[in-house]
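# Survey of secondary and tertiary structure
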Amino acid sequence: MPKKKITHPITVDHIARIEGKAGIEVILDGKKVDVVNVNVFEGPRFFEAIAVGKHVDEAVAVFPRVCSFCAAAHKITPVLAAENAMGLEPSEQTMKMRELLYIGDFIQSHTLHLFFLALPDFLGFPDVFSMQGAHKDILNAAIALKDMGAHIQTVIGSRAIHQENALIGGFGKIPPKKSWETMRQKLRSLHGVAEEALEQFVGFSLWPEVEAERVHLALKPIDGTYTMFGDTILASDGSKFKAKAYQMRISEKVVPHSFAKHGAYNGQPFMTGALSRFTLFSDGLSKRAKLLGRTYEEYLDAKNPLSNNLAQAIELVHYIHRAEIIADELASSIKPNERRVELEITKAATGVCVTEAPRGLLAYTLKIGKNGVIRAANIITPTAMYLPMMEADLRRMVEGLLEQGITDSKTIAQKLETVVRSYDPCVSCSVHVARVK
Amino acid sequence: MTLPDHEIIEECRDVCRATVGVYVLTSCYGCQLVMATVEKIMEVANLVDFKCFYMVSSKSSLHEPVDIAFVEGSVSTEKDLEELKEVRKNAKVVVAIGACAVNGGVQSWSEGDLNYDELYASVYGDSKIKYKGLQAAPIDSYVKVDYFLPGCPPEEDEIMYFLSTFLFGSYPEEIDYPVCAECRLEGNPCILIERDAPCLGPVTVAGCKARCPSFNVPCIGCRGPVPHDNSWFDSLALTFKNKGYSKDYIRERMKIFCSFDKNLEERLEKVFGRKK
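Residues numbered from 1 in each chain as written. Chains lettered and ligands numbered in written order. Predicted model: local features only at pLDDT ≥ 70, side-chain atom pairs only at ≥ 80, totals over all residues. Heavy atoms only, no water.

### Topic: the overall build of chain A
On a plain count of helices and strands, chain A comes out with 14 helices and 13 strands. A globule of 437 residues ought to have a C-alpha radius of gyration of about 22 Å, and chain A, at 21 Å, matches this closely. Along the first, second and third principal axes, the C-alpha atoms of chain A reach 75 × 50 × 40 Å. Counting only residues that meet the buried cut, chain A has 66% of its 437 residues in that class. In the form shown here, chain A has an accessible surface area of approximately 14800 Å², with 50% of it arising from carbon and sulfur atoms. Distance between charge centres in chain A, computed from 52 positive and 49 negative side chains, equals 4 Å. (Helix = DSSP H or I, 4+ residues; strand = E, 2+ residues; numbered from the N terminus. Rg over C-alpha atoms; globule rule 2.2 N^0.38 Å. Buried < 20%, exposed > 50% of the residue type's maximum accessible area, 1.4 Å probe, protein only. Areas by Shrake-Rupley, 256 points an atom, 1.4 Å probe, with all protein chains shown as cover. Lys, Arg positive; Asp, Glu negative; His and termini not counted. Charge placed at Lys NZ, Arg CZ, Asp CG, Glu CD.)

Below is the structure:
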C-alpha cells in the first residue's frame, strides 16, 4: 500500500480523563514526524516560591494542595523532609500510621485511574457513567475500592484528600483500637474485589508500536518488601544512588510548550511509577500479588508503557493485603495517647526526602531557617520526571501507525490519548515547578 | 416564580434533565475529585446531563450551553480567563467551587508580596514558555458569580446540597457563622483557648462540622473568611492576641486561604489594634 503524504497536524486540544490540563500536538512533515509535544497549559502555581518566608508548619499544610490525587504523598514527603532537617525521629507507631495513610492514597489514586480514567478506553465508553448499564460489576468493584482508599485516609488523615491530621512529629488525634479493627475487616472483604482491575486489563494486548528499551528508576523499599519509603534509588541500568543526593542525577529543564519542566536522569529520559517499581522490586510483593504478577508476566513488559496499567492493578492487590496487615498490627498495638513529638528548631538546616508516590518518585528538599521559616524549597514530581519519555513514546506510536498506513488523524489521536493515560499523568503536580538556583 | 437576586433554574422533576458542566481553571483537581466520587455519583449522573467534565469524560465540551456550571480553580493563565468567560456566557448559574475559585486558593499565598513576573522569574528564570500566565485570582475578579461553595476540598454533603437545591428549582443558602459554632456542637474542647493552638476557627466560615479541630488539629482556614460583620469575630478572635500570637503570624496564616479578602487588614486591626 502506498504511503499517503500528510502534512496536517494531529492535535488533541484538551486530553480528557487525566488529572490536569494538557494537550497533544504532532506536526508531520510529509511522511516524517517532525514534532511531538505534550503541551502543558495548566497554570503554574509556584509552590516552592510562595512557601519561602513562611513557617514550616503552614508550608506542610499547603504542599498537599499541589495535587488532590496524591495529597497524602505531598503531605508525608515534606513532613519527613522537615523532620529530617530538624533531626526529629518519628515514633514507630507514627511511621506505621503514615504508611497506611499513604497506602490509602495509593488505593484511591490507582482505583480512580484504572477504573474511572483508563478503563473506558478499553471497553469503548466515553466515561464511567455510561458503563452503568453494561458493566455494573466493574463499577461496584471500583466504588468499593475507591471508598476503601477514602476510608483509610479519612480515619487516619481527617478526610479523603488534603489530610490535616498528619503533622510534623505525629498526629493530632490517634484513632482507637475499634477503628483499626473495622478497617482490617473492610480490607479483608476486598481481596477478591481488588483483583477486578487486573482481570479487566488482562487480555488487551500491549501495543507493539510503543515498545522500546528504557531506564526505570524506583526507590528501594526500606524493609526489603514493597512499599513507598526508602533511602536508595535503583536504576534498571544496574546503577544505584543515594536518594538524598537525587539532585546530582535527576535534573529538570524548561521547555517552551509546557508549564511543567522536563526531567532527566543523567541527561536522558527515564520512567518512574508502578511499572518501574514492579520491574525492579516485584520480588518483595505480597504472596498473592507476586503470584498474579508471575502469571501475567507477558502483560508486564518493562519495555512497554501500556503495562503501567497492569502494574498498578497488581499494586492494588498488593496494597489491599499490606494495608490489612498494618491495620491488624495497629489494632493490637495502638497507643491512642501517644504524644506528638514537638518540633524544636535550634538551628538552620536542610532536609531531604524521596518517596514513591502513586505515579513514581517524589522528592522534597526543604531549607529551614532557625526561626522555623522556609528559606528554599525544591520539589520534583514524577510526572515532570517522565514527560520526555512520554513524548518519546507518542512519537514511536505515530511513526508506527504511519508505517502501517494509518493516517486518519482521529484514530491516531485516540491511540495517543490512551498512551498518555497509561502513564497516569498528574499535570497539576507537574506544574508546581521547581525553583531555579 | 423567580426570586429576586437569586439565579435559579426550572425545576425538572421527571420531565427534563438539568444540564451541568464541571470546569477547571488552575487548581489541584480536588473539587472535581470530590464531585466525581460523591457517594451517589451514579445516581447524580442519571439525574443530570454532564455536558462537560473533562477529568472523567471524553464526551466534554466547553462550548455547550448548561443550566449549572461548577468552576474549580483560580484564573492563572490567559487561557483560563478565556475559558471562564466562555463558561459564563454559556451558563445560567455559575457556582465557584472550592478555595481557588472562591478565594484564589493557596497559590495566592504570596499575594501582595510577589507579583507574577517575580514568581515566574524565580521558577523559570529567563526561559520562555509560549503560554501566558496571570497572577492567580478568584473567578469573581473577572465574571459575575452566582453562588460560592467554599472548602479545600469542599464537603461532599455541601456539593449534594447545592445540586439538589438547584434541581428543586431553589437555591443554596450562604453560611454566615464561623467554624467555632459547629465545633461546640461537636463537643470539642477549644484548642485555641485550652491548648493555645493557632486555630483559625473564629475567622473561618463553617460547613465542615469542625473537621480539623475534631482531630485536635488547629483550623487552617480552608473554607475562607466568615462574613465580615460577624459578632463572633470580635470576641473569639481576640484570643489570638491574648495568647501572644503576633499580627504578622496570624496574617500569614490567614492569607493561605484569605489573601483576596478585602477586609483582611480591617479584621486584623479589630484584633490587634490600629497602627498608631
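### Considerations on the environment of A:Leu366
All names here are of chain A. Looking at where Leu 366 falls in the secondary structure, it is placed in strand β12 (residues 360-368). Taking the C-alpha atoms as reference points, Leu 366 and Ala 51, 315 residues apart in sequence, are found 9.9 Å from one another. With near-sequence residues (within four places) excluded, Leu 366 lies in contact with Phe 63, Pro 78, Ala 81, Ala 82, Ala 349, Thr 350, Gly 351, Ile 374, Ala 376 and Ala 377. (Contact = heavy atoms within 4.5 Å.)

### Quick notes on the sheet that holds strand β7 (residues 232-235) of chain A
All names here are of chain A. On the basis of which strands lie adjacent, the open sheet formed by three strands has the order β6-β7-β8 and antiparallel pairing. Of all the strands in the sheet, just β6 (217-219) and β8 (240-242) have a single pairing partner and so form its edges. Averaged over all adjacent pairs, the angle separating strand axes in this sheet is 25 degrees, with direction ignored. Two strands pair when backbone bridges link them, and β7 and β8 are joined in this way by three bridges, in the antiparallel orientation. Paired with Thr 232 across the bridge in β8 is Lys 242. Docked against the sheet, helix α9 (residues 274-281) engages β6 and β7, running at close to 75 degrees with respect to β6. (Pairing = 2+ DSSP bridges. Axes fitted to C-alpha atoms, helices over the stretch in contact; angles between N-to-C directions.)

### Observations regarding the pattern of salt bridges
Residue and element names in this part refer to chain A. Taken as a whole and judged by the stated rule, the model has 42 salt bridges over all chains. Lys 146 is paired through a salt bridge with Asp 147; the nearest N and O atoms lie 3.0 Å apart. A relative accessible area of 4% means that Lys 146 is categorised as buried. Residues Asp 328 and Arg 184 are paired through a salt bridge, measuring 2.5 Å at the closest nitrogen-oxygen approach. On the criterion of sequence distance, the pair formed by Asp 328 in helix α11 (residues 307-333) and Arg 184 in helix α6 (residues 177-188) is long-range, its members being 144 residues apart. By relative accessible area, which is 32% here, Asp 328 ends up partly exposed. Given a relative accessible area of 19%, Arg 184 falls into the buried group. If you follow the salt bridges from partner to partner, you end up with Arg 17, Asp 121, Glu 417 and Arg 421 in one network. (Salt bridge = Lys/Arg side-chain N within 4 Å of Asp/Glu carboxyl O.)

### Examining unusual backbone geometry
B:Pro153 follows B:Cys152 through a cis peptide bond whose omega is 0 degrees. Inspection of the secondary structure puts B:Pro153 in the loop between β7 (147-149) and α6 (156-167). We note that A:His162 has phi near 55 degrees; this positive angle belongs to a residue other than glycine. In this fold, A:His162 is placed in the loop between α5 (136-157) and β4 (166-167). Owing to a relative accessible area of 1%, A:His162 belongs among the buried residues under this scheme. At B:Lys209, a residue that is not glycine, the phi angle is positive and equals roughly 55 degrees. Summarising the element assignment, B:Lys209 is placed in the loop between α8 (191-195) and α9 (231-242).

### Re the interface of chain A and chain B
One frequently used descriptor of interface size is the decrease in accessible area upon assembly of the parts. Chain A puts 65 residues into the contact, and the matching count from chain B is 65 residues. Across the interface of chain A and chain B, roughly 5600 Å² is buried in total on both sides, 67% from carbon and sulfur atoms. Here chain A is connected to chain B by five salt bridges. Here B:Arg253 ties to A:Glu58 by a salt bridge, and the two come within 2.6 Å at their closest N and O atoms. (Buried area = accessible area lost by both parts, 1.4 Å probe.)

### Notes on the packing of α9(A) against α11(A)
Residues and elements named next belong to chain A. α11 packs onto α9 with a crossing angle of 70 degrees between their chain directions and a minimal axis gap of 8 Å. On the basis of the axis angle, α9 is roughly perpendicular to α11. As α9 packs across α11, the resulting crossing turns out to be left-handed. Contacts between α9 and α11 pair Ala 274, Leu 275, Arg 277 and Phe 278 from the former with Ser 307, Asn 308, Ala 311, Gln 312, Ile 314 and Glu 315 from the latter. (Parallel < 35°, antiparallel > 145°, perpendicular 65-115°, else oblique. Left-handed = near helix turned anticlockwise from the far one by under 90°.)

### With respect to α5(A)
Here α5(A) spans 31 Å end to end across 22 residues, near enough to the 32 Å set by a 1.5 Å rise per residue. Positive phi appears at A:Ser158, one or two residues downstream of α5(A), with a value of about 100 degrees. (Expected span 1.5 Å × (residues − 1).)

### With respect to the pairing of strand β3 (residues 66-72) of chain B
All names here are of chain B. Taken across its seven residues, β3 has seven buried, putting it largely inside the fold. Two strands pair when backbone bridges link them, and β3 and strand β5 (residues 91-97) are joined in this way by six bridges, in the parallel orientation. Paired with Phe 70 across the bridge in β5 is Val 95.

### Points about α6(B)
Its twelve residues place the ends of α6(B) 17 Å apart at the C-alpha level, agreeing with the 16 Å of an ideal helix rising 1.5 Å per residue. Within α6(B), burial applies to B:Glu158, B:Ile159, B:Phe162, B:Leu163, B:Thr165, B:Phe166 and B:Leu167.

### Digging into the domain arrangement of chain B
Residues and elements named next belong to chain B. Domain boundaries in chain B define domain 1 (18-167) and domain 2 (179-272). Computed over C-alpha atoms, the centres of domain 1 and domain 2 are 26 Å apart. With 19 residues of domain 1 at the interface, the matching set in domain 2 holds 15 residues. When domain 1 packs against domain 2, the two sides together hide about 1400 Å² of surface, and 51% of this comes from carbon and sulfur. By the criterion of area lost to domain 2, the three top residues of domain 1 are Asn 103, Trp 109 and Glu 155, representing 41% of everything that side buries. On the surface where domain 1 and domain 2 come into contact, there are four salt bridges. For the pair domain 1 and domain 2, the number of links is seven residue pairs in polar contact (both at pLDDT 80 or more). (Domains from an automatic or database assignment. Polar contact = N/O pair within 3.5 Å; in protein donor to acceptor, adjacent residues only side chain to side chain.)

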